[in-house]
Amino acid sequence: MNRIEINVITGQSQVIPLSPEEEAEAIARHDAIEAIEAPRRARLAADEADTAQAKVDAQVQMFLNFTLAQLDTWVETNITGAGNKTAFKVLGRLAQAAARGRVLR
C-alpha cells in the first residue's frame, strides 16, 4: 500500500510506501469500518427489497389510491373474523412503509 502526499503550495504529489505497521493499521481501520457498515448496508438492502415488493403488491397499491371514505368503506366491509389476518397484514405493510419513509409510487 502507498499513501500520496500532495504539496498544497506547489501541487506536486509524492507516492510514499507505507511501513508494515502503517499498512497493518490501515487494514485494521478498514476492517473496523466494514464491521460497522455491513449491518447498515444489509438493512438498507432489506428495506429496498421490502419497498420493491410493496410496489408490486396489488393490495398495497389499492390502499394507496383509496380516498379516506373508500378506506372506511373497505374496513367496514372486510374487517370480520375471517378477514382480520389479511386486512391487518396489508395495513401493517402500509404502516411499516410509512414509518420507514419509503415512497411506494
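Everything here concerns the structure above.
Residues numbered from 1 in each chain as written. Predicted model: local features only at pLDDT ≥ 70, side-chain atom pairs only at ≥ 80, totals over all residues. Heavy atoms only, no water.

Student: What exactly am I supposed to notice about the overall build of the protein here?
Tutor: Helices and strands together make up the secondary structure of the protein, namely four helices and two strands. When the helices and strands of the protein are listed from N to C terminus, the series reads β-β-α-α-α-α. Computed over the C-alpha atoms, the radius of gyration of the protein is 26 Å, more than 25% above the 13 Å expected from 2.2 N^0.38 for a compact globule of 105 residues. By principal-axis analysis of the C-alpha atoms, the protein measures approximately 75 × 30 × 20 Å. Out of the 105 residues belonging to the protein, those deemed buried represent 15%. Sequence separation of 24 or more characterises 45% of the internal contacts of the protein that already satisfy a separation of 6 or more. Here the protein has roughly 8000 Å² of accessible surface; of this, 59% comes from carbon and sulfur atoms. Of note, the protein has its 12 positive side-chain charges centred 10 Å away from the centre of its 14 negative side-chain charges. (Helix = DSSP H or I, 4+ residues; strand = E, 2+ residues; numbered from the N terminus. Rg over C-alpha atoms; globule rule 2.2 N^0.38 Å. Buried < 20%, exposed > 50% of the residue type's maximum accessible area, 1.4 Å probe, protein only. Contact = heavy atoms within 4.5 Å. Areas by Shrake-Rupley, 256 points an atom, 1.4 Å probe, with all protein chains shown as cover. Lys, Arg positive; Asp, Glu negative; His and termini not counted. Charge placed at Lys NZ, Arg CZ, Asp CG, Glu CD.)

Student: Please explain the pattern of salt bridges as it appears in this structure.
Tutor: Opposite charge on two side chains makes pairing possible when the charged atoms of those side chains draw close. Taken as a whole and judged by the stated rule, the model has five salt bridges. A salt bridge links Arg3 to Glu5; the nearest nitrogen and oxygen atoms lie 3.1 Å apart. The class of Arg3 is partly exposed, set by a relative accessible area of 30%. Between Arg29 and Glu25 there is a salt bridge, and its shortest N-O distance comes to 3.8 Å. (Salt bridge = Lys/Arg side-chain N within 4 Å of Asp/Glu carboxyl O.)

Student: Explanation requested: the pairing of strand S2 (residues 13-17) in the structure shown.
Tutor: The two faces of the sheet receive side chains in turn, since in a regular strand these alternate between them. By the bridge criterion, five bridges tie strand S1 (residues 2-6) to S2 in an arrangement that is antiparallel. Bridge pairing in S2 places Asn2 opposite Pro17. (Pairing = 2+ DSSP bridges.)

Student: What exactly am I supposed to notice about the nonpolar core here?
Tutor: One finds Ala54, Val60, Phe63, Trp74, Ala87, Val90 and Leu94 forming the largest nonpolar core, which totals seven residues. Going through the elements one at a time, helix H2 (58-65) and helix H4 (84-99) are the ones with two or more residues in this core. Top contributing element to this core by residue count: H4, with three residues. Ignoring any residue separated from it by four or fewer positions in sequence, one finds Leu94 in contact with Val60, Phe63 and Leu64. (Core = buried A, V, L, I, M, F, W, Y, C linked by side-chain atoms within 4.5 Å.)

Student: Hey, could you run me through the environment of Ala42 in this one?
Tutor: Looking at the element boundaries, Ala42 is found in helix H1 (residues 20-56). Distance from Ala42 to Val8, taken between C-alpha atoms, is 39 Å for residues 34 residues apart in sequence.

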